[in-house]
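Analysis of the macromolecular model
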Amino acid sequence: MQSIEKQIEKSIKSKSRGTLILPSDYLNYGASKAIQKSLERLADKQVIVRVAQGIYVRPKISKLIGVVIPSAEEVAVAIAKRDKIRTVPTGSYALNALGLSTQVPMKIVLLTDGSPREIKVGRRTIKFKKTTPKALAAKGKISRLVIQALKEIGTAKQTESEEAKIIELLKKENKNDLKHDILLAPVWIQKIMQKAL
């Protein structure tokens, strides 16, 4: 009978490098305390690297820089998946995700239906901010980012080139999702989004 730690280590080593590891992945291996302890010991042995509270990674190794840890964005996706919560990027993070800004925000702010909290990943911070179900009701990956990005820019403050870029991006969105999401946006944003139809 292999120890929990050995079983977890074997499972981790079968995953590709860069895979995020969460204690919840191993619930069928034993008690959560034993799983937590095993992961901590595997981190001490440098099989995995701790990237945030309760989140580890089987790190990629670069010949140039050594251990490569996942980005704050990848960690945010893993947390949302683990906690079965919905999230929507806001502010400068939404602008950056759409390519409307080259600035990479040090603080990622995500609206969520989960519990509000902040998590540090390296030098960056992920902030989960509680919001209303309506704010998370958008279906389209692009259109929900567009709504948040335009809110960040401010009413009628977008440049012609920003608007043109947004319309181009929205044309790639699923038509039904786009029609659904337009109705959730403030009126001034609806007018811009409708141009993509």
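Our subject is the structure listed above.
Here is a short report on the structure shown in this document. These numbers come from a predicted model, not from an experiment.

Conventions and cut-offs
- Numbering of residues starts from 1 in every chain and runs along the sequence as written.
- Local features in this predicted model are restricted to residues of pLDDT 70 or higher, and side-chain atom pairs are both shown and tallied only at a pLDDT of 80 or more, whereas totals for entire chains, interfaces and linings draw on every residue.
- Only heavy atoms go into the side-chain values, all of them from the structure, while hydrogens and water stay out.
- Throughout, an axis means a line fitted to C-alpha atoms (over the contacting stretch in the case of helices), and angles, computed between N-to-C directions, take values from 0 to 180 degrees.
- Comment: elements are numbered from the N terminus, with helices defined as DSSP H or I runs of at least four residues and strands as E runs of at least two.
- The labels follow the angle: roughly parallel below 35 degrees, roughly antiparallel above 145, roughly perpendicular from 65 to 115, and oblique for the rest.
- The hand of a helix crossing depends on one turn: near helix anticlockwise from the far one by less than a right angle means left-handed, and clockwise means right-handed.
- Whether two residues touch is decided by their heavy atoms; if any such pair falls within 4.5 Å, the residues are in contact.
- Under the scheme applied here, ten amino acids are nonpolar (Ala, Val, Leu, Ile, Met, Phe, Trp, Tyr, Cys and Pro), four are charged (Asp, Glu, Lys and Arg), and all others, including Gly, are polar.
- Any Phe, Tyr or Trp ring, taking Trp's six-membered ring, that has another such ring centre within 6.5 Å forms a pair; planes under 30 degrees apart are called stacked, those over 60 apart edge-to-face, and the others tilted.
- Burial classes follow relative accessibility: with a 1.4 Å probe on protein chains only, a residue under 20% of its type's maximum area counts as buried, one over 50% as exposed, and anything between as partly exposed.
- The rule for a charge over a ring is simple: NZ of Lys or CZ of Arg within 6 Å of the ring centre, and within 35 degrees of the ring normal.
- Strand pairing is assigned whenever DSSP identifies at least 2 bridges connecting the two strands.

**Examining the packing of helix 7 (residues 175-182) against helix 8 (residues 187-194)**
- At a minimum axis distance of 10 Å, the contact between helix 7 and helix 8 shows a crossing angle of 160°. The orientation of helix 7 with respect to helix 8, classified from their angle, is roughly antiparallel. As helix 7 runs across helix 8, the sense of the crossing is left-handed. In this structure, helix 7 contributes L178, D181 and I182 to the contact, and helix 8 contributes Q190, M193 and Q194.
- A breakdown of the residues in the contact of helix 7 with helix 8 according to their chemical character gives three nonpolar, two polar and one charged.

**Regarding the packing of aromatic side chains**
- Enumeration over the complete set of coordinates arrives at one aromatic pair.
- Ring centres of Y26 and Y29 lie 5.1 Å apart, and the angle between their planes is 90°; on these two criteria the pair is classed as edge-to-face.
- In this structure Y26 comes out as buried when scored by relative accessible area, which is 1%.
- Relative accessible area serves as the criterion here: at 23%, Y29 is assigned to the partly exposed category.
- R117 extends its terminal NZ or CZ atom over the ring of F128, reaching a point 5.1 Å from the ring centre.

**What to know about the sheet that holds strand 3 (residues 55-57)**
- If you trace the three strands from one edge of the open sheet to the other, you get 1-3-2, paired in antiparallel fashion. The open sheet terminates on both sides in strands that have one partner only, identified here as strand 1 (20-21) and strand 2 (49-52).
- Summarising the sheet, strand 1 and strand 3 pair through two bridges and their orientation is antiparallel. Looking at strand 3, one finds that L20 is bridged to V57.

As far as function goes, none of this settles anything; it's purely spatial.
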